[in-house]
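Here are the chains, one letter per residue:
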Amino acid sequence: MNGFSKNHVENIMASLNKESLIVSLGSKLRIAKLKKVRDWFFE
């Protein structure tokens, strides 16, 4: 990925991880267990 720092590329790749996407979507859909995982991560 030209034009991005190594740190930005690592963050982008982590956010595209399937587990990250599932938790993010679950939170958006207000699935309680997945929302708790996301909330725990941000604490």
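> Would you explain the packing of aromatic side chains in this entry?
Each pair of aromatic rings is reported with the distance of its centres and the angle of its planes. Following the criterion strictly, the structure yields 1 aromatic pair and no others. Between phenylalanine 41 and phenylalanine 42 the ring centres are 5.7 Å apart and the planes differ by 70 degrees, which places this aromatic pair in the edge-to-face class. Classification of phenylalanine 41 by relative accessible area gives exposed; the value is 61%. By relative accessible area, phenylalanine 42 is classed as exposed at 63%.

> I keep staring at the pattern of salt bridges and nothing clicks. Help me out?
Opposite charge on two side chains permits pairing when their charged atoms draw close. Counted under the stated rule, the structure contains 2 salt bridges. Among the ionic pairs, aspartate 39 bridges to lysine 35, the shortest N-O distance being 3.1 Å. Here the residue aspartate 39 and the residue lysine 35 both occupy positions in helix α3 (residues 32-42), the gap between them amounting to 4 residues, near one helical turn. Overall, the relative accessible area of 28% leaves aspartate 39 in the partly exposed class. Given a relative accessible area of 31%, lysine 35 falls into the partly exposed group. One salt bridge in this structure joins arginine 38 and aspartate 39, with 2.8 Å as the shortest N-O distance.

Rules and cut-offs
- Residues numbered from 1 in each chain as written.
- Predicted model: local features only at pLDDT ≥ 70, side-chain atom pairs only at ≥ 80, totals over all residues.
- Heavy atoms only, no water.
- Phe/Tyr/Trp six-rings, centres within 6.5 Å; stacked < 30°, edge-to-face > 60°.
- Buried < 20%, exposed > 50% of the residue type's maximum accessible area, 1.4 Å probe, protein only.
- Salt bridge = Lys/Arg side-chain N within 4 Å of Asp/Glu carboxyl O.
- Helix = DSSP H or I, 4+ residues; strand = E, 2+ residues; numbered from the N terminus.

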